[in-house]
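So the chains spell out like this:
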Amino acid sequence: HYFIQSNLRMTGNISTIKPASTETLETAAKHIDTALQSDRLYSELDLLLKNARHAGGTLTGMTDSDYPSLSSQGLASVPFIGPVRHVPLPAELSEQFSHVQCNCIMGLLPTIQRGWVTIDTDIFFWNYETGGDLAYYEGLAEVVLSVGLITPKPGVFQPHIKFLLVVCTASEIVVLGVTFESDSDDQYALMHLQPNPLFSLSSDAVNMLQVKGTPEGRIFLAGANGHLYELQYQSYLSWFGKRCKLVNQSSSYFSFLVPSALKFGESDPIVQVEYDPTRQLLYSRSDNGSIYVYDLGADGQSIGSVCSVSQDTILSEAVRAANNPHGLDSSNFKPLVSICPIKKTDSASLALLGVTSSGVRLYFSINAASLGGRYSSLSLSHIRMPPGFAPNGPPQRPLNVHLASLTRGNVQMCMSQNDSIDVVWSISPDTFGITSSLQETSITTAIEGRVWALEESPEPFSFEAKVAGTRVFPPTIVCQHVQPARRTILLTSQGTFILTGMRPVDQLHHLLETSNGMDTEAICNFFKLHREKEGCATALILACNPIGTDHIIASSAARSFFRYGGEPLLNSGVLQSSTVPSDMTGNNQNTMLGSPSLLNATANNREVSQSLGGAIMPNEVVYSGKHGGICLYFARLLAPLWDGKLVDETQTPEKCLVSRFTCDDLAWFTEQLSGLKSFLDEYAPLSMSELPDSPSRTTRTAPRVQAEALERNSVLQLRQLVQYSVEALELWRELCEYQFHLVAERLPTNIKEDLCRTTFRDLVVTGKQITVALINALMERYFGDSNLTDALSARLREICPNLYGAADLKTTKANELLQSAKHQTNRSEQKSMLQKSLQLFKQVTVNIDLAGICNQYASVGFYEGIVELCLATANEQDNQNVALHLTLTGEDLGEQLLVARRHCYTCITNTLNNLLSMSQGASGIHNNTGVKVSSAAEAEKQLTTMLQYCYNSTDEVFHVFLYEWLIGNGLVNRLLEIRSSYLEPYLRRAAMQPDNLQILDIMWKYYEKEKNYSSAARILAKLADRDTDTFTLWDRIDYISRAILCAKACSTSLNSEGEFLHELEDKMEVAQLQLNIYSCLEQMSSNLAAQAALPSLNSLIDISSLYSEYAEKFGLAECQLAIVHCAGHHDPLLVQKLWKELLTQEINSSQHLPQVSVMSSLRNKIVLLGNTYLTAEKFFPLQFIVQQLEVISCKGGWEEGWVLDTMLSVPISHAHLHSTYSSLLQMKLPCWEQLGAPYHLHIVTSLLMTSYVTHLNTVPLLERKPILSAIQDIIDAHVVDLQASVSSGSDVTSALSRFKALQATFDKY
C-alpha cells in the first residue's frame, strides 16, 4: 500500500486532458477493436465438448486435462466456492414440524426470494435470505401435493396481483393471488396471499406432482398418471361458461372431457417439468427416466408434441456413444434423475442436459424439422463423465445424485451421503477462461440435512443488456465485471444454505486479501494461469472499482497489475505469424494445465501494435500484458455499446429516433468507465520500470527504453479515448434525461440519417459533427429561457469539456441570438441580433452546422449572412488558400481542401436554388432551406439581392463555383452582367477543357458585351469550325454570320483583321453552297444514299469536297455551277455541260405538269440564275443558253417569243439579244432544219425587233434616230435574206410578212 502511494502517485490526479485528434482516437480505437474481436473468439459449448454432430456422440471427462488440478501449480489456496451462508428456518416454522400428520414437502421460489413448506393442509412462506417475513395460508381442506409461483397473463387480473400461487391437492387445484408491500431496497419485502382463491377447480382425481409456469403466464402441471396438463384461464367466460379449465396436453385435444377415473393402463408419473424460454420448449421427465419434448411455438402460445425418448433408448445410445474403451459400467448411464434445459444463450445446438444418479452428464441436441414444424427429435450428442474417472484424478465420485441444476455451464449436483448430510458437487469451467476444450474444476460441499430443493438465484434483469453476446453468452472471465457471483440456494430441514461461486476476480480478491499487501507466489501463479493480459484485466476490475472494493485491495490490485503485467518488447527482426504466441493473435486459449510452458511463458503473452494477419515487422513494439489488460477491460465494459447502433427508429405513434440505452444503463457504463479513467489519470504517465525498486530499472537496454516509450504513448492515447468515451456517455445520458426523441426530432435530416448508422465507436472517434448537432438541438429546445440555457451550457462544459468547449459555448450563444431574431418584429433590432450571431458563428466555423444555420438565416431573409458565413467557413477550412492553387493549376494534391470549400459553397447555392425555383413560379417546391417569400416577384428580387452579395466576394474559388452554378441553371444573362476581374480568366481556363462548347458560346457573348469584337469574332469562327455533332449546319452558318458582323465592327485597320474578314466571307459563301446542297439532298427522300449523306453536311466541308463528293456525285448541276462560279474556275465546255444538265433536270422535274406550268417553272429558274450569274458572262453563256432554250421551245411547240420574253425578264438588253440571235443565224445550224423550223430564228428576231420598237418609246427623241436607223438596216437585211430564199413555204411567207410589217411601221418614224 505504501509502495503504491509513494511511487505511483507522483503525478497527482490529472483531470484535464488535451483535445485528441481523430487520428489519435482512431489508433486507440483499433486496439479496442482487436481486444473485442479476441473476446468474441470463444468456442460454444458443443465445440468445447468436441461434439461430433453427424457421427454420433462423444465421450469426455476421462483425462486429467478435463478436470485439471491446480494444487500442483501453486494455486491450492484459490477458492472456487465462497463461505457457505446458512440461514436457519424461522423459529415459528420449526415448531410446526412437530405437528406433521400426513405429508410435509418443501420448495423454493427464487423469483421472490421465498422458501415454502407444506405441513399437511397448511402452507408456510418465508424470506430465505433473511429468515423473516413468515406468512401462511390455511384455507385448504386436503393435503398439499405441489406448489408453484406463476407470472400472470397480462390483462387478466388487477395490477396489484404480481404473481399467482398454484396449489395442488389430491382433489382440487387452487389459484391464489400474491401481492407485495415493497420498500426502497426490495420490491418483494412483504408478501401477502389473497384470502379468496382466484380460481378453484377439480384435479380430475389426478395427483399433480409439480407446477411449472412460463413468462407468458401459462401453467403446466405434472400428473402422477403420466400426463402433462395445462391450467388455462382467461378474464372472460368461455362457451363452457368457465374462466378456467384443465386440459390434458399429452393426450387428445378433448381428453379433458373424459374423467381420469375412466382411463386405464399403467402410468409412469411425471416427476419433473422444465421450460426453455429461449427456444419455447417444454421438457418433462417421468419417474422411469423417459423424456418428453413439447413445442410451445415461436410466440409461446401454442403447444405440440415433438418427441419422446425412453430411458432404455437413452441407455443404449449412451453405451454405443461411449464405445466402452475404458471398461465403463453401463449402470453409470442410468437412472436419469434430473434434466436441465440448456438455453440458446449458452449453446446454439445443445438443448438439454440430463444427469444420472452417478453424476454422468448427458448432453442432448434438438433437431430441426425437415418438413413442417420447428423441431423433430431429441438426440444424444455428448457424454461427460464426472470427476473421479481420470487416471490420475482423485478417487471421489458422485454417487446417489438426486438433484441437479445448470447455470451457464456451471453444474450443481446434490448427492445423498447419509440421512443427515448431503454433499453438493460444484463443477465449473469459470476458472479457465477462454479455452479450446472444456476444462472444469470440481469441489464438494457438505450440507446439513437432506436437500429438498436446489435453485439458482436469478440474475439481475439488466445483465443481458451489459454483455456483448452476438451468439451465446461469453465465458465468465469475459463478463465477470458485470456478472454477479453465481449463487446456489439449497433448502433442507435445517434452513437454507447459500453457495456463492467464485469468479476469477473474486479469487484474485481473496488472494490479495490474504496476502496482507505482500507479493505471494499464489498471486504470481494466478497471473500465469490466466496469462498476463487476462490477469491485468481482472486486476483492473478491483483497482478501478473502489466503491465495491476497499482501497487497500484496490491498491494491491494496482500493484499486482504493474508487478505481473510484463514488459513491452521491441522486435529486432521479422517474426513470422506462425511463431506468434496465441495470446498475441487474440486467441487467448489456455494450454493444458500442468504443461511447463504455462507457468514460464510470461514473455509470450503480448499484444502487437498492428493487426497480426502476417509477419511482425522489425522495430515493431510488442505490448505488455498491462497494455493488453487495459484494452480488454475497456472493450468488455463498452462491448454492448462499442460497435452497436445507438438509436432505433420507431414508427409509433409517429416516426422518431429513440435511444437504445436508458439513463440507468448509461449511468452504469459511465460509472464503470470513470473508474478506468481515474486509474489511467493516476498511473498512465508512468511505467513499471520507472519505479524505484523495479527489477528492470538497472538493466534497461536501448530497445527496452524505446519499447516502453512506444507503449507509454499508446497508453496515453487509450487514456484520451477513455476520456472522450466518458464524455460521450455523459452527453448521451444528458440527452436521455431531456427526452432524447424530442431532441432528435430537431436534427437536420442528413444528421438523422447518419445517426441511425452511428455506433458508439463512431460517435467517439469521428462523430464530432453529430455531437455538435445533438448539443445544438438540445439547446434549441430551451432557447428563450436564458437561465436554463446558461445552466445547461455550464452542465455540458462540466461533463463533456472536449465535446462542448468554448467554441461550442459561442455556438450556443449565437444560436440563441438567431432564435430570438426570428421572433423579433423590430427590423432594426432583428438585423442587429443577426449580425451579432454572424460574428459569433464566424469565430467558431469549425463547430457549426453550417447548412442548418443557413436555413435559419434564409427564413429571415439574412442572405448577406449566408454568403459571409459560408465564405468565412470555407476560408477557415483552407486558410492557406490551397484550393485556389488547385483551381488555377488543376493539380490533385490537397483535393480534400477544395472539396471542403465546395461543401461550404453548396450552402449558398442551395438557397439560390430555392429562390430561383420560386422566382420561376414553380409550385410544390420542397423548400428545405427555410426560404420564405410571398410571390415570384419577391423571390426574383431576393435572388438578385443575394447574387449581388455573391458578386462582391473576393474569393476567387467561390466565383468559379458561382459561375458554374449560373451556367448550370441556364442563367447566362446574369453571368454576363457580372463585372468581375475573375470572370474572363475563368472563361479562358474553362475554354481550355475538351468539352467547352457551352463556355465558348458564353465567351463570345462576353467579348461582344465588352466590345472586344475581334476576340468575339475569332471565337465564333472557332465554334463554326468545331468538330462536334452538337451543331447543325444552320448553327455554323449563324456563327459565321455573327463572326462577320463582329469582324466588321472592329475599329482596327490592321491587315490581319481585313484578311480575317475576307476569310470569314469566303467561308460564308462556301457554307451557303453547302446549305443549298443540303436542301437538294433533303428533297431526294427516295434516294437512300442522299439521305445517308445528310448528317455529314452538318460539318463545314471544303469546296472541292462539296463538288466531288456531293454535287457531282448526286448530279446536282445547279449546285455544281454555283461551286464552279464560287471557285472562279473558267471551263467553257464544263459550264455549257452543266447548263445543259440543269435545263434538262428542270424540265424533267416538271414534265408531269401542264405545259404552261413547265414553261413558267423553267422561266423562273432562268431568271433566277440569270440574276445570279449575269455579271459573270463566262458562267452565263447567253448564246448557248438561248440556243438550248429555242430548241426546247421548238420541240415543245411553245410560243415563239417565249425564250425572248424570258431573256428580257432576266433582264438582257435588246441589243445583246440581237447580237446573240444574229450569231445563231450566221451559224446556220442544221438543228433547225431537223426540227422543221428553218426560219424559227428569223421569226424570233422579228419579235425582238417589234419589242425593240416598242421599247423606243422610253428612249429620248435625240437618241432614237441612230437606233431606228440600225433597226431599219437589220429589218431590210432580213427582208432581202428571206426574199432570196429558195424555199417558198409558209414559214418564209410568215417571216417575210412580219418584217415587211415592221418596215411599214418604221416608215412612220
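Conventions we followed
Residues numbered from 1 in each chain as written. Predicted model: local features only at pLDDT ≥ 70, side-chain atom pairs only at ≥ 80, totals over all residues. Heavy atoms only, no water. Helix = DSSP H or I, 4+ residues; strand = E, 2+ residues; numbered from the N terminus. Buried < 20%, exposed > 50% of the residue type's maximum accessible area, 1.4 Å probe, protein only. Contact = heavy atoms within 4.5 Å. Areas by Shrake-Rupley, 256 points an atom, 1.4 Å probe, with all protein chains shown as cover. Pairing = 2+ DSSP bridges. Axes fitted to C-alpha atoms, helices over the stretch in contact; angles between N-to-C directions. pLDDT = per-residue confidence, 0-100. Core = buried A, V, L, I, M, F, W, Y, C linked by side-chain atoms within 4.5 Å. Expected span 1.5 Å × (residues − 1). Arc of directions from axis to C-beta. Salt bridge = Lys/Arg side-chain N within 4 Å of Asp/Glu carboxyl O. Patch = residues over 30% accessible without salt bridge, like charges linked within 9 Å, V, L, I, M, F, W, Y side chains within 5 Å. Lys, Arg positive; Asp, Glu negative; His and termini not counted. Charge placed at Lys NZ, Arg CZ, Asp CG, Glu CD. Phe/Tyr/Trp six-rings, centres within 6.5 Å; stacked < 30°, edge-to-face > 60°. Lys NZ or Arg CZ within 6 Å of the ring centre and 35° of its normal.

Draft legend 1. Summary view of the overall build of the chain. Within the chain one finds 45 helices and 35 strands. Relative to its 1309 residues, the chain shows a buried fraction of 53%. Across the chain, the fraction of contacts at a sequence separation of at least 24, relative to all contacts at a separation of at least 6, is 62%. In the structure as shown, the chain presents an accessible area of about 58,200 Å², 51% of it carried by carbon and sulfur atoms.

Draft legend 2. Geometry of the pairing of strand E18 (residues 291-295). Here E18 lies mainly inside the structure; four of its five residues are buried. Direction of pairing for strand E17 (residues 281-286) relative to E18: antiparallel, over a ladder of five bridges. Its bridge partner being in E18, Arg-285 is matched across the sheet by Ile-291. Taking the residues between adjacent antiparallel strands as the criterion, E17 and E18 are bridged by four residues, where Gly-289 takes a positive phi near 95°. Pairing between E18 and strand E19 (residues 304-309): five bridges, direction antiparallel. Within the sheet, the bridge partner assigned to Ile-291 lies in E19 and is Val-309.

Draft legend 3. Representation of the sheet that holds strand E12 (residues 208-213) within the structure. One open sheet holds the four strands; their spatial order is E12-E13-E14-E15, and the pairing between them is antiparallel. Sheet topology places E12 and strand E15 (244-248) at the edges, where each strand pairs with a single neighbour. Taken over all neighbouring pairs, the strand axes of this sheet differ in orientation by 25° on average, direction set aside. Sheet analysis places strand E13 (residues 219-223) next to strand E14 (residues 228-233), joined by four bridges and oriented antiparallel. In the strand pairing of E14, Ala-222 is matched with Leu-228.

Draft legend 4. Focus on the environment of Val-144. When you line up the elements, Val-144 lands in strand E7 (residues 144-150). Val-144 gets classed as buried once you look at its relative accessible area, which sits at 0%. Put simply, Val-144 and Leu-209 are 65 residues apart on the chain and 9.9 Å apart in space, counted from C-alpha to C-alpha. If we skip the residues at most four places from it in the chain, Val-144 touches Asn-103, Ile-105, Thr-118, Asp-120, Thr-121, Ile-123, Val-167, Cys-168 and Thr-169.

Draft legend 5. Looking closely at the confidence of the model for the chain. Within the chain, residue pLDDT values average 83, and 86% of them lie at 70 or more. Scored below 50 in pLDDT, residues 252-265 makes 16 contacts in the model with residues more than four places away or belonging to other chains.

Draft legend 6. Focus on the nonpolar core. Counting residues in hydrophobic clusters, the biggest one holds 168 residues, and the most contacted among them are Tyr-857, Ile-908, Ile-1077, Leu-1081, Trp-1139 and Met-1207. Ranked by residues supplied to this core, first place goes to helix H33 (residues 1055-1083) with eleven residues. Setting aside residues up to four positions removed in sequence, Ile-1077 forms contacts with Leu-1097, Leu-1106, Tyr-1110, Ala-1111, Leu-1116, Cys-1119 and Ile-1123. The next biggest cluster of nonpolar side chains, apart from the first, holds 98 residues, and it includes Cys-544, Leu-729, Leu-755 and Leu-763.

Draft legend 7. The arrangement of unusual backbone geometry in detail. Following Lys-334, the chain continues to Pro-335 via a peptide bond in cis, the omega torsion being -10°. Positionally, Pro-335 belongs in the loop between helix H5 (311-322) and strand E20 (336-341). Here the bond from Val-1210 into Pro-1211 is cis, since omega is 10°, no more than 30 degrees from zero. By the element assignment, Pro-1211 lies in the loop between helix H40 (1202-1208) and helix H41 (1214-1227). Phi at Arg-531 takes a positive value of approximately 75°, unusual for a residue other than glycine. Structurally, Arg-531 is set in helix H8 (residues 521-543). Here the phi dihedral of Gln-739 falls at roughly 65°; this positive angle occurs in a residue that is not glycine.

Draft legend 8. A look at the environment of Ala-936. Tracing the backbone through its elements, the reader meets Ala-936 in helix H26 (residues 936-951). A C-alpha to C-alpha distance of 8.7 Å links Ala-936 and Leu-915, two positions 21 residues apart in sequence. Look past the residues within four positions of Ala-936 in its chain and what remains in contact with it is Met-918, Ser-919 and Gly-921.

Draft legend 9. Up close: the sheet that holds strand E16 (residues 270-276). One open sheet accounts for four strands, arranged E16-E17-E18-E19; its pairing is antiparallel. Among the strands making up the open sheet, the edge pair consists of E16 and E19. Taken pair by pair, the neighbouring strands of this sheet meet at an average axis angle of 20°, ignoring direction.

Draft legend 10. Examining helix H19 (residues 786-799) more closely. For H19, built from 14 residues, the straight-helix expectation of 20 Å at 1.5 Å per residue is met to within 8% by its first-to-last C-alpha distance of 20 Å. Those residues of H19 that sit buried are Thr-789, Leu-792, Ser-793, Leu-796 and Ile-799. Relative to the axis of H19, the buried residues are bounded by an arc of 140° and lie together on one face. Facing away from the buried side of H19, by more than 90 degrees, are the exposed residues Asn-787 and Glu-798. In this structure, the buried residues of H19 make contact with helix H14 (702-737), helix H18 (768-780) and helix H20 (806-822).

Draft legend 11. View of the side chain of Gln-672. Counting through the fold element by element, Gln-672 comes out in helix H13 (residues 663-683). Sequence-distant contacts of Gln-672, that is, excluding residues within four places in its chain, are made with Tyr-633 and Leu-637.

Draft legend 12. Representation of the environment of Thr-24 within the structure. Mapping Thr-24 onto the fold places it in helix H2 (residues 22-39). On the basis of relative accessible area, Thr-24 is assigned to the buried category, the value being 17%. Ignoring anything within four residues of it in the chain, the contact list for Thr-24 reads Gln-717 and Gln-720.

Draft legend 13. Region of the structure containing the pattern of salt bridges. Scanning the model with the defined rule gives 38 salt bridges in all. Measuring nitrogen to oxygen at the nearest pair gives 2.6 Å for the salt bridge that ties Arg-374 to Asp-295. Taken together, the residues Arg-374 in the loop between strand E22 (361-368) and strand E23 (375-384) and Asp-295 in strand E18 connect sequence positions 79 residues apart. On the basis of relative accessible area, Arg-374 is assigned to the partly exposed category, the value being 30%. Residue class for Asp-295 comes out buried when judged on its relative accessible area of 12%. Close ionic contact of Arg-989 with Glu-956 constitutes a salt bridge, the shortest N to O distance being 3.9 Å. Here Glu-956 lies in helix H27 (residues 956-968) and Arg-989 lies in helix H29 (residues 983-991), a separation of 33 residues in the sequence. The same class applies to Arg-989 and to Glu-956, which are both buried.

Draft legend 14. Focus on a negative patch on the surface. On the surface, Glu-1059, Glu-1063, Glu-1065, Asp-1066 and Glu-1069 cluster together into a negatively charged patch. Structurally, Glu-1063 can be placed in helix H33.

Draft legend 15. Main features of the packing of aromatic side chains. Overall, the coordinates contain 29 aromatic pairs when judged by the stated rule. A centroid spacing of 4.9 Å and a plane angle of 90° characterise the contact between Tyr-857 and Phe-862, whose relative ring orientation is edge-to-face. Taking relative accessible area as the criterion, Tyr-857 reaches 0% and is therefore assigned buried. Grouping aromatic residues by their ring pairs yields a cluster made of Phe-561, Phe-562, Phe-679 and Tyr-683. Here the basic side chain of Lys-153 rests over the ring of Tyr-233, its NZ or CZ set 4.7 Å away from the ring centre. Note that Arg-1018 overlies the ring of Phe-1060, its terminal NZ or CZ placed 4.4 Å from the centroid.

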